[in-house]
Amino acid sequence: MKQDLKIITFCCNWCSYAAADLAGISRLQYPCAIRIIRVMCSGMVHPEMVLHALNQGADGVMVTGCKLGECHYQEGNHAMLSRSEVLEEILADFGYEKERFQLVWLSAAEPERLVEAIYEMHNRLLALETDPGD
Ligand code: FES
């Protein structure tokens, strides 16, 4: 079973990155598999970026951003939500399980929500990596 997972996590500057920062300040524990990439808005994350991360060896990709209706650029997270529907189909075409991608919406004041989502993703990926024959 693979133990050294890599989960690329795109965090929007205004909510989810601030939540990640608060998680650190609050000393909340989460798996070290997370690699945070700070972007100004989840709407900046193109499906090609998700595919590129997986093609380069990431085990999973999370896109995190402001709650719907609270994007600092108005419609950025709605754009990402629309892209995610297409992305799920593209991932299947490339042979990736849909569990390898996750969207998470949260506010800057919800570090626990972010940590919970990280654990869920981590556990889901560990389950995927487990070979039933082992
Ligand atoms: S600014 Fe956070 S999702 Fe757009």
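These numbers come from a predicted model, not from an experiment.

Student: Any details on the packing of aromatic side chains? Residues and values, ideally.
Tutor: Under the criterion given, the structure shown has zero aromatic pairs. Here the guanidinium or amino end of arginine 38 rests over the ring plane of tyrosine 17, the centre of that ring lying 4.0 Å away.

Student: Pulling in residues and values, what's your account of the pairing of strand 1 (residues 7-12)?
Tutor: Counting buried positions over the six residues of strand 1 gives six, a clear majority of the element. Alternating residues of strand 1 divide into Ile7, Thr9 and Cys11 and Ile8, Phe10 and Cys12, and every residue in both groups is buried. Bridging between strand 1 and strand 2 (residues 34-39) involves six bridges; their strand directions are parallel. Along strand 2, the bridge assignment pairs cysteine 11 with arginine 38. Where strand 1 and strand 3 (residues 60-65) come together, five bridges link them in parallel fashion. Bridge pairing links phenylalanine 10 to valine 63 in strand 3.

Student: I'd love a proper account of unusual backbone geometry, names of residues and values included.
Tutor: Trans is the common state for peptide bonds, and a negative phi is the common state for residues other than glycine. The backbone of arginine 27 sits at a positive phi, close to 60°, despite the residue not being glycine. Mapped onto the secondary structure, arginine 27 falls in the loop between helix 1 (16-25) and strand 2. At glutamine 74, a position not held by glycine, the phi torsion is positive, near 70°. Along the chain, the position of glutamine 74 falls in the loop between strand 3 and helix 3 (76-93).

Student: A description of the packing of helix 2 (residues 47-55) against helix 3 should follow, citing residues and the corresponding values.
Tutor: Orientation of helix 2 relative to helix 3, taken along the N-to-C sense of each, is 35°, at an axis distance of 10 Å. Along this stretch, helix 2 crosses helix 3, giving a crossing that reads as right-handed. Taking contact as the criterion, the partners of Pro47, Val50, Leu51 and Leu54 in helix 2 are, on helix 3, Arg83, Leu87, Ile90 and Leu91. Taken together, the residues of the contact of helix 2 with helix 3 sort by class into seven nonpolar, no polar and one charged.

What counts, and at which threshold
Residues numbered from 1 in each chain as written. Predicted model: local features only at pLDDT ≥ 70, side-chain atom pairs only at ≥ 80, totals over all residues. Heavy atoms only, no water. Phe/Tyr/Trp six-rings, centres within 6.5 Å; stacked < 30°, edge-to-face > 60°. Lys NZ or Arg CZ within 6 Å of the ring centre and 35° of its normal. Buried < 20%, exposed > 50% of the residue type's maximum accessible area, 1.4 Å probe, protein only. Helix = DSSP H or I, 4+ residues; strand = E, 2+ residues; numbered from the N terminus. Pairing = 2+ DSSP bridges. Axes fitted to C-alpha atoms, helices over the stretch in contact; angles between N-to-C directions. Left-handed = near helix turned anticlockwise from the far one by under 90°. Contact = heavy atoms within 4.5 Å. Nonpolar A, V, L, I, M, F, W, Y, C, P; charged D, E, K, R; others polar.

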